[in-house]
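The lines below spell out each chain.
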Amino acid sequence: MRIAVFTGSHAGPPSHTAAAAAFATALAGAGIGIVYGGGRVGMMGTVADAALAAGGEVIGVIPGHLVDDEVAHPGLPRLDVVDSMHERKARMAELADAFVALPGAAGTLEELFEAWTWGMLGLHAKPAALLDVDGFWQPLLDQLRRMVDDGYLDRARLDALGVVADAEELLRFTAGYVHPPRKWAAPPSS
């Protein structure tokens, strides 16, 4: 099993860095591979370094134009260099069995939302989750609940988005995951 980890190219506060390292170490210890953005900087680098140090499988996927900008991780046993951000996300989705967002910024949100939306549209049936470190994702969850309340998002889709505190909780969530029906299912023929 492999999990795509979306997270920032900045380090964030020390508690986030420590949580990312513990999370990646625990996944590696459980024999779970990590697919991530391929950088050696920020939270991305923390995740890769911790998983590698614990003997875990780590696959980086990075667009060629970011190899220098994000300083591609030189210690990865596998680094897939692709042509675009679109290809990066598609390759990560292809390689992963589930998705998790650790604290990050706009890119982290964009990657998570695309993977989660692809599931809603029936392009895959893989679980997606948020690793909620220090309540980082609570404002986002408030906004998503508002979307449900205002009729923009089905409650079942929000309920299908995991909110976990650590790797053990993520693995329990993925093991028990039941994917909701496609958002746009064809009406029954008469």
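Residues numbered from 1 in each chain as written. Predicted model: local features only at pLDDT ≥ 70, side-chain atom pairs only at ≥ 80, totals over all residues. Heavy atoms only, no water.

For the protein, the name recorded in an unreviewed UniProt entry is Cytokinin riboside 5'-monophosphate phosphoribohydrolase, with Blastococcus xanthinilyticus as its organism.

Engineer: Quick question: what am I supposed to make of helix α3 (residues 85-95) here?
Structural biologist: The α-helix advances 3.6 residues per turn, and as a result positions three or four apart in sequence lie on the same side. Within α3 the residues assigned to the buried category are Arg 88, Lys 89, Met 92, Ala 93 and Leu 95. Buried residues in α3 make contact with β1 (2-6), β2 (33-36), β3 (58-63), β4 (78-82), β5 (98-101) and α4 (106-120). (Buried < 20%, exposed > 50% of the residue type's maximum accessible area, 1.4 Å probe, protein only. Helix = DSSP H or I, 4+ residues; strand = E, 2+ residues; numbered from the N terminus. Contact = heavy atoms within 4.5 Å.)

Engineer: So what exactly am I meant to see when it comes to the packing of aromatic side chains here?
Structural biologist: How two aromatic rings sit relative to each other is given by the distance of their centres and the angle of their planes. All told, the structure shown has 4 aromatic pairs when counted by the stated rule. Ring plane angle 15 degrees and centroid distance 6.0 Å describe the contact between Phe 6 and Phe 99, whose orientation is recorded as stacked. Taken as a pair, Phe 6 in strand β1 and Phe 99 in strand β5 lie far apart in primary sequence, 93 residues in all. Just as Phe 6 is buried, Phe 99 falls in that class too. (Phe/Tyr/Trp six-rings, centres within 6.5 Å; stacked < 30°, edge-to-face > 60°.)

Engineer: Whenever I open this one, the sheet that holds β2 confuses me. Can you help?
Structural biologist: Strand pairing within a sheet occurs via backbone hydrogen bonds; the two strands may be parallel or antiparallel. Ordered by their spatial adjacency, 7 strands build an open sheet running β4-β3-β2-β1-β5-β6-β7, and the pairing between neighbours is parallel. Edge positions in the sheet fall to β4 and β7 (161-164), since each of these pairs with one other strand and no more. With strand direction ignored, the average angle separating the axes of adjacent strands in the sheet is 25 degrees. Of the strands in this sheet, β1, β2, β3, β4 and β5 touch α3, which is tilted by about 160 degrees from β3. (Pairing = 2+ DSSP bridges. Axes fitted to C-alpha atoms, helices over the stretch in contact; angles between N-to-C directions.)

Engineer: Would you mind going over the side chain of Thr 7 with me for this structure?
Structural biologist: If you trace the backbone, Thr 7 turns up in the loop between β1 and α1 (14-29). At a separation of 2.7 Å, a polar atom in the side chain of Thr 7 contacts the main-chain carbonyl oxygen of Pro 103. (Polar contact = N/O pair within 3.5 Å; in protein donor to acceptor, adjacent residues only side chain to side chain.)

Engineer: Help me out: how do you make sense of the pairing of β1 in this one?
Structural biologist: Side-chain direction in a regular strand flips from residue to residue, so the side chains alternate between the two faces of the sheet. In terms of burial, β1 is largely enclosed, as 4 of its 5 residues are buried. Alignment of β1 against β2, held across 3 bridges, turns out to be parallel. When the bridges of β2 are listed, Ala 4 appears paired with Val 35. For the handedness criterion, the β-α-β arrangement of β1, α1 and β2 is classed as right-handed. In the sheet, β1 pairs with β5 via 4 bridges, with the strands oriented parallel. Each bridged residue has a counterpart across the sheet, and for Ile 3 the counterpart in β5 is Ala 98. (Right-handed = clockwise from strand over helix to strand, strands pointing away.)

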